[in-house]
Amino acid sequence: MHLAHYLGLLHRAQTNLASAFRQVGDAHAEEPDIFHLCQQQARRCDAHAERLRPFTARYAQDVATEPDRLYSQLFTGTRTGGLGLLRDLQDLYLMAAECDITWTVVGQAAYGARDEELLAVVKRCEEETAIQLKWLRTRMKQAAPQALVVAE
Amino acid sequence: MVDRIADPWGERTPYGPGEQWPVRVDRFLADGRSESDVERWAQSASVLHSNGDAMDIAVAGGRIVGVRGRAVDRVNRGRLDPKDLYGWQANHSPDRLTRPLVRDGGRLVETDWDTAMNQVVARSKELLDGPGGWGHFGFYTTGQLFLEEYYALGVIGKAGLGTPHMDGNTRLCTATAAAALKASFGTDGQPGSYTDIDHCDAIALWGHNAAETQTVLWMRMLDRRRGPNPPTMLAVDPRATSVAREADLHLAVRNGTNMALMNGLLREIIRRGWYDRDYLAAHTIGFEELCRVVDGYPPKRVADICDVPAADVERAAELLGASQRLLSTVLQGFYQSNQATAAACAVNNLHLIRGMIGRPGAGIYQMNGQPTAQNTREAGANGDLPGLRNWENTAHIEELARLWNVDVDMIPHWAPPTHAMQIFRYAEQGSIKLLWITATNPAVSLPDLSRIRRILKQPELFVVVQDLFLTETAELADVVLPAATWGEKTGTFTNVDRTVHLSEKAVEPPGEARPDLDILLDYARRMDFRDRDGRPLIPWRGPEEVFEAWKECSRGRPCDYTGLSYDRLRGGSGIQWPCTDEHPDGTERLYSDGVFPTDPDYCETYGQDLATGAEFTEPEYRAKEPNGRAFLHTVDYQPSPEVPDDEHPMLLTTGRTVYQFHTRTKTARAPQLDAAAPEVWVELNPDDAGRLGITEGDLVGVASPRGGIQARARLSGIRPGVAFLPFHYGYFDVDPHDRTPRAANELTLTAWDPVSKQPIFKVAAVAVTKLGDGGGVPSPAPTVGGSAPVVGSVPDTVGGPAAQSVSERR
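About the criteria used
Residues numbered from 1 in each chain as written. Chains lettered and ligands numbered in written order. Predicted model: local features only at pLDDT ≥ 70, side-chain atom pairs only at ≥ 80, totals over all residues. Helix = DSSP H or I, 4+ residues; strand = E, 2+ residues; numbered from the N terminus. Buried ≥ 20, exposed ≤ 12 C-beta atoms within 10 Å, placed from the backbone. Contact = placed C-beta atoms within 7 Å. Rg over C-alpha atoms; globule rule 2.2 N^0.38 Å. Pairing = 2+ DSSP bridges. Nonpolar A, V, L, I, M, F, W, Y, C, P; charged D, E, K, R; others polar. Axes fitted to C-alpha atoms, helices over the stretch in contact; angles between N-to-C directions. Arc of directions from axis to C-beta. Parallel < 35°, antiparallel > 145°, perpendicular 65-115°, else oblique. Left-handed = near helix turned anticlockwise from the far one by under 90°. Expected span 1.5 Å × (residues − 1). Core = buried A, V, L, I, M, F, W, Y, C linked by C-beta atoms within 7 Å. pLDDT = per-residue confidence, 0-100.

**So, the overall build of chain A**
Each helix and strand in chain A was counted, giving four helices and zero strands. Taken from N to C terminus, the helices and strands of chain A fall in the order α-α-α-α. The principal-axis extent of the C-alpha atoms belonging to chain A is close to 55 × 30 × 20 Å. Considering chain A as a whole, with its 152 residues, one finds that 38% of them fall into the buried category. Taking as baseline every contact in chain A between residues at least 6 positions apart, the subset at least 24 positions apart corresponds to 77%.

What follows is the structure in structure tokens.
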């Protein structure tokens, strides 16, 4: 049974995303919406990680040896300026996409494990992650023409 | 005779449910003139608030000499707001701008129109040259021009230059109304009619100090309250305003917590079965999700978050739930606060689940703050497309492209139109290089003023200001264009309840001042904007031609003007849109059939997540299969971006007094209004004041993380822990070397609602300290309205002989 590995992967993806949201928010605090919404979404990621905790414990005893190259690195710090903002949001987008697909995978596993409780958590968090992706896409669409074509 | 400074609402004319509101004609003629001294009356409507009160302008000797209300009009039936009675005098103020100004080194010098316009055009052409040139232009307009001017501006920006960076100060006043109407009902458009006051059995005022912001609307409510079978009244406001004092129940919520209150009220109403199962099944989507969210807000929790008694939350739900014809009105207490769009949508939800919409007395007013804000929205001079079109719907963009005969991709539709705060951010970063500001004063009205002044002063930003006076913003401009104002130009505008009025030119503008429309058309001519076939993009010569063109743009859209004309608007009452061949007399209420404009091909938005503003896509929207049903949107309460801490332990809220409008550009130049509220003040609860050693009239410092200001203290009925500042007071009438900070927006924070992008003016953390003793002299705050004193003896605010006006009941 390898579910615990994926739960661990998801947990780490969510805490990484929380931390990246905070770093991007702080780095671009002069964009007030970025600052406030990144804080808000960081808290949301914290809550997701928290909700996973009981399941990590539940499946921990069945854990097999950790496979090779389970984790990947998607974020190496923030940038500055309009173009930097766009790139930072793109990093967040990819990290949220990682969470999104991992929720899908864990959801499938929850079906297999007949774990209704886990399924309920997946359902809720999956929706919230979808909103994060949408928000990032919306904000990037707004920023892209000015950052890439207009600004010097 | 009546002193309408001492009594802004005048004499009561009580009436009962279903009766017609009696006529009362208000009149003020200056210098002891009588009606026989008036040579001519020019038809118009009010521009110093959003109510749209119809009036006639009295002319004698080529000058305006007074005003009177139009008895024939459906909106006011003769009544006028004190700002309208006295405010016209600003037209004749000796410091009107009469010639264009251009910056020469450090100062502005007078010049001629050719020189000024050539500077604007030369800079424009230089910026437009090259890829992405459109992105260097930003337009920041107002809610105080005329429909024709907005439409011309919209076409210049969207089809001439092709920039999405157009917004208005409507972002500060009415953006949330538009956002909430779109989110719930599919498009903008006020469901209700002012006549709903005549029929309702309950009125709920959500963050709406109607007594001071829309006095004539408030007169109508008071007249029902003094008549037989009066409506019950609920007020939600942290201050003890005249509305709160009149209401049967006042919830003085902690500012920033509206969403918790609304969720709690909806929970009570649902749990006690006070909703219309048939209506919501047939006409709404999202009831299950609504129930899931609001279930988390029992009265006890609401009481903790909002700091009001739990029993009052239950009583409020009973008042709302017991009504059969509920009227709601919503304004800045919701729009300029935390979670603005979500809270305004919650009011829509209340009406939708109770089936209280589209019939006499059962109505919603998502109010506007300004007289012509509705037109800024409809005509596309702000963050909306002309005709309330959907920027994500290619068919809608193609309609505009056909209408204007330009390529589809000339019209910026790749992302939502840029909102005001983002425009200023792009200017701050240097990618917007030309900022054209028409009829508004961001150097006093935007949040965090030291930042705004810094942006406007950036040498590389070319600032054009079009205004009547040398405002705080105009002082920082590179080119100042002197504009004609109300009474000096002709055009139309539309009020909160969709009533369109014609405003005729009564007198000539002073000096070389020109109507805003003429200035914009002149710019278009000099820029030589062309359509796809090489013909002039903007061929219009005057307002009526623009109005006729606008009618075509509005055809088939919710704001359909095709049945209107200048001639139809002359003589009688204003007319409510949609006005078409099928409905030649206009439309009193929208959605009387329970069918909402949510059809994917027709709607103005595919929807947004209320917590983040994330946009939903067309396929996602279609999958909801709206089929003419309205949406019940809600979210959980989230605390405001800024909450009090040890260093800034109090909450600040800002707002208006009945005597002033916006940044006082006009009202400070009307002697009666200026004298009634001449200087800033800060309102404190006596408990807080006592703790801080402050008494009436003491000089007080109010500081936030952004800055500090000074004001004299008024001990009022505001809730404990909250300080109130009127936002009107800037610096234009203070010597530049002696400008002690006094503008409320020195303190407010740069943050906005994720959906409507309306800045949060009503929640900031501040520290309040005593700076000096007032020596027993009361603060300059009016004793009328929300600033009424609750401690000590303060002389009443009166207007005296200069404010004597006439009110005639007919």
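From this point on, the discussion continues.
**Regarding the overall build of chain B**
In terms of regular secondary structure, chain B is built from 27 helices and 29 strands. Radius of gyration (C-alpha) of chain B: 25 Å, near the 28 Å computed for a compact globule of 810 residues. The C-alpha extent of chain B, read off along each of the three principal axes, is 70 × 65 × 60 Å. Taking all 810 residues of chain B together, the buried fraction comes to 65%. For chain B, the share of sequence-separated contacts (at least 6 apart) that also reach a separation of at least 24 residues comes to 76%.

**Section: the pairing of strand β19 (residues 491–494) of chain B**
Residue and element names in this part refer to chain B. Burial of the side chains of β19 extends over both faces: G491 and F493 are buried on one face and T492 and T494 on the other. Of the strand pairs in this sheet, β19 and strand β20 (residues 499–503) are connected by four bridges, and their pairing is antiparallel. Residue pairing in the sheet places G491 in a bridge with S503 of β20. Linking β19 to β20, which pair antiparallel, is a turn of four residues; within it R498 sits at a positive phi near 70 degrees.

**As for the interface of chain A and chain B**
At the junction of the two partners, chain A supplies 18 residues and chain B supplies 22 residues. Sorting the residues of the side of chain A that touches chain B by element identifies α2 (32–60) and α4 (116–150) of chain A as the ones contributing at least two each. A total of ten residues in the side of chain A that touches chain B trace back to one element, the largest contributor, which is α4(A). For the side of chain A that touches chain B, the residue count by class is eight nonpolar, six polar and four charged.

**Brief notes about the sheet that holds strand β11 (residues 232–236) of chain B**
Residues and elements named next belong to chain B. Overall, parallel pairing links the five strands, which are arranged β12-β11-β10-β14-β15 in an open sheet. Two strands in the sheet have a free side with no partner beyond their single neighbour: β12 (249–251) and β15 (363–366). On average, adjacent strands in this sheet sit at an angle of 10 degrees to one another, irrespective of strand direction. Note: strand β10 (residues 202–206) against β11, five bridges, orientation parallel. Across the sheet, A202 pairs through a bridge with T232, a residue of β11.

**Quick look at helix α21 (residues 449–457) of chain B**
All names here are of chain B. When α21 is considered as a whole, its buried residues turn out to be L449, I452, I455 and L456. The arc that holds the buried residues of α21, viewed along the axis, is 120 degrees, so those residues lie on one side. Facing away from the buried side of α21 by over 90 degrees, the exposed positions are S450, R454 and K457. Buried residues in α21 make contact with α19 (420–429), α20 (442–445) and β17 (462–467).

**Comments concerning the environment of B:F761**
Residue and element names in this part refer to chain B. Topologically, F761 is positioned in the loop between β27 (722–726) and β28 (764–772). A tally of 26 C-beta atoms within 10 Å means that F761 is categorised as buried. Those residues in contact with F761 that lie beyond four places of it in its chain are Q336, P447, T654 and T748.

**Digging into the pairing of β20(B)**
All names here are of chain B. Of all five residues in β20, five are buried, a share of seventy percent or more. On β20, burial covers both faces: T499, H501 and S503 on one face and V500 and L502 on the other are all buried. Sheet topology note: the β20/strand β21 (residues 575–576) ladder contains two bridges and is antiparallel. Considered in β21, the bridge of T499 is made with Q576.

**Looking at the packing of helix α13 (residues 299–306) of chain B against helix α14 (residues 310–322) of chain B**
Residues and elements named next belong to chain B. Running from amino to carboxyl end, α13 crosses α14 at an angle of 115 degrees, the nearest separation of the two axes being 8 Å. Taken together, the axes of α13 and α14 are roughly perpendicular relative to one another. Helix-helix and strand crossings are classified by hand; for α13 and α14 the assignment is right-handed. Contacts between α13 and α14 involve P299, K300, V302 and A303 on the former and, on the latter, A310, V313 and E314. Considering only residue class, the contact of α13 with α14 consists of five nonpolar, no polar and two charged.

**Some details on helix α1 (residues 3–27) of chain A**
All names here are of chain A. Across its 25 residues, α1 extends 36 Å between first and last C-alpha, which sits within 8% of the 36 Å expected from 1.5 Å per residue. Among the residues of α1, those classed as buried are L3, L7, L10, A13, Q14, N16, L17, A18, A20, F21, V24 and G25. Contacts from the buried residues of α1 go to α2 and α3 (81–112).

**Re the nonpolar core**
Within the largest apolar cluster, 244 residues are counted, with the highest numbers of intra-cluster contacts made by B:L320, B:V702, B:A723 and B:V766. The greatest single-element share of this core, amounting to ten residues, is contributed by helix α16 (residues 340–353) of chain B. Those residues within four positions of B:L320 in sequence are excluded, and the remaining contacts are B:A202, B:A204, B:L234, B:L265, B:I269, B:L326 and B:L350. Counting 35 residues, the second-largest nonpolar core is a separate cluster that includes A:L10, A:L17, A:L37 and A:L52.

**Some remarks on the sheet that holds strand β3 (residues 40–45) of chain B**
If you trace the six strands from one edge of the open sheet to the other, you get β1-β29-β2-β5-β4-β3 (chain B), paired in antiparallel fashion. Edge strands, defined here as strands with exactly one partner in the open sheet, are β1 (2–3) and β3 of chain B.

**Section: the confidence of the model for chain B**
For chain B, per-residue confidence averages 97 on the pLDDT scale, and residues scoring 70 or more make up 100% of the total. Taken together, the chains of this predicted complex give a pTM of 0.97 and an interface ipTM of 0.94.

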